[in-house]
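# Inside the fold
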Amino acid sequence: MPTIKILPHSEYCPQGATVSAPAGTSICEALLDNKINIEHACDMSAACTTCHVIVREGFSSLNELDETEEDLLDRAWGLEPNSRLSCQAILAQNDVTVEIPKYSINHAKENH
C-alpha cells in the first residue's frame, strides 16, 4: 500500500504527516480519510483548484493529467511544474510526497 508524506502546513497538518492508502485512491480522498481536511470546494468533481497540491516526490507514478485538470491548474495559486489537483491525482504503487500550498484561490472556506 503506497504512502503519502504530507509536508508540514500550518493549518492542515502543522507537524506534517504520513498516511497510507490503497492504489487507485486519489490523494484528496486519502488525506480526507486520514483527518487531513484539505479544501475541496467542488466535492472532488474537478471543477475548482482548492485541492491543489505540489508533488515533491513520486510525480511520475501518478496517473497522467487530462486536459480538464491542466486547464484548471492554470488558475491555481502557486502553480509549479509538478502541481496536481489532489482529487484527480490517483495513487499507483509508489510512495509520494506532497506539499499543500499556503493559499488557494478560494475566498470562503467551508467545513467539509
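Everything discussed here concerns the structure shown above.
Right, let's walk through the structure included here. (Residues numbered from 1 in each chain as written. Predicted model: local features only at pLDDT ≥ 70, side-chain atom pairs only at ≥ 80, totals over all residues. Heavy atoms only, no water.)

### Concerning the overall build of the protein chain
Check the secondary structure of the protein chain and you find two helices and five strands. Walking the protein chain from its N terminus toward its C terminus, one meets helices and strands in the order β-β-α-β-α-β-β. The C-alpha radius of gyration of the protein chain comes to 12 Å, within 12% of the 13 Å expected for a compact globule of 112 residues. Expressed as a percentage of its 112 residues, the buried residues of the protein chain come to 44%. Put simply, 66% of the contacts in the protein chain that link residues at least 6 apart link residues at least 24 apart. Surface exposure of the protein chain reaches about 6100 Å², of which carbon and sulfur atoms provide 46%. Distance from the positive charge centre (7 side chains) to the negative charge centre (17 side chains) of the protein chain: 8 Å. (Helix = DSSP H or I, 4+ residues; strand = E, 2+ residues; numbered from the N terminus. Rg over C-alpha atoms; globule rule 2.2 N^0.38 Å. Buried < 20%, exposed > 50% of the residue type's maximum accessible area, 1.4 Å probe, protein only. Contact = heavy atoms within 4.5 Å. Areas by Shrake-Rupley, 256 points an atom, 1.4 Å probe, with all protein chains shown as cover. Lys, Arg positive; Asp, Glu negative; His and termini not counted. Charge placed at Lys NZ, Arg CZ, Asp CG, Glu CD.)

### Quick notes on a negative patch on the surface
A surface patch of negative charge is lined by Asp66, Glu67, Glu70, Asp71 and Asp74. With respect to the helices and strands, Asp71 occurs in helix H2 (residues 67–73). Looking at Asp71, the relative accessible area reads 44%, which means it is partly exposed. (Patch = residues over 30% accessible without salt bridge, like charges linked within 9 Å, V, L, I, M, F, W, Y side chains within 5 Å. Salt bridge = Lys/Arg side-chain N within 4 Å of Asp/Glu carboxyl O.)

### A short note on the sheet that holds strand S1 (residues 3–6)
Spatially, the five strands line up as an open sheet ordered S2-S1-S5-S3-S4, and their pairing is mixed. A strand with exactly one partner marks an edge of an open sheet, and here the two such strands are strand S2 (17–20) and strand S4 (83–85). Averaged over all pairs of adjacent strands, the angle between their axes in this sheet comes to 35°, without regard to strand direction. When strand S3 (residues 52–57) meets S4, the two strands line up antiparallel, connected through three bridges. Within S4, the position partnered with Ile54 by the bridge is Ser83. (Pairing = 2+ DSSP bridges. Axes fitted to C-alpha atoms, helices over the stretch in contact; angles between N-to-C directions.)

### A few points about the pairing of S3
As paired elements, S3 and strand S5 (residues 96–99) share three bridges and run antiparallel to each other. What sits directly across from Glu57, in S5, is Thr97.

### So, the nonpolar core
For soluble globular proteins, the rule of thumb is that nonpolar side chains tend to be buried together. Ile4, Ile6, Ile27, Leu31, Ile38, Val98 and Ile100 are the most contacted members of the largest nonpolar core, which totals 28 residues. Within the residue set of this core, elements represented by two or more residues are S1, helix H1 (27–33), S3, H2 and S5. (Core = buried A, V, L, I, M, F, W, Y, C linked by side-chain atoms within 4.5 Å.)

### Digging into the environment of Ala41
You can see Ala41 is positioned in the loop between H1 and S3. Judged by relative accessible area, which is 34%, Ala41 ranks as partly exposed. For the pair Ala41 and Cys51, spaced ten residues apart in the sequence, the C-alpha separation amounts to 7.9 Å.

### Details of the environment of Asn37
Take Asn37: it is sitting in the loop between H1 and S3. Through-space distance from the C-alpha of Asn37 to that of Gly58 is 22 Å; in sequence the pair is 21 residues apart. Look past the residues within four positions of Asn37 in its chain and what remains in contact with it is Tyr12 and Leu32.

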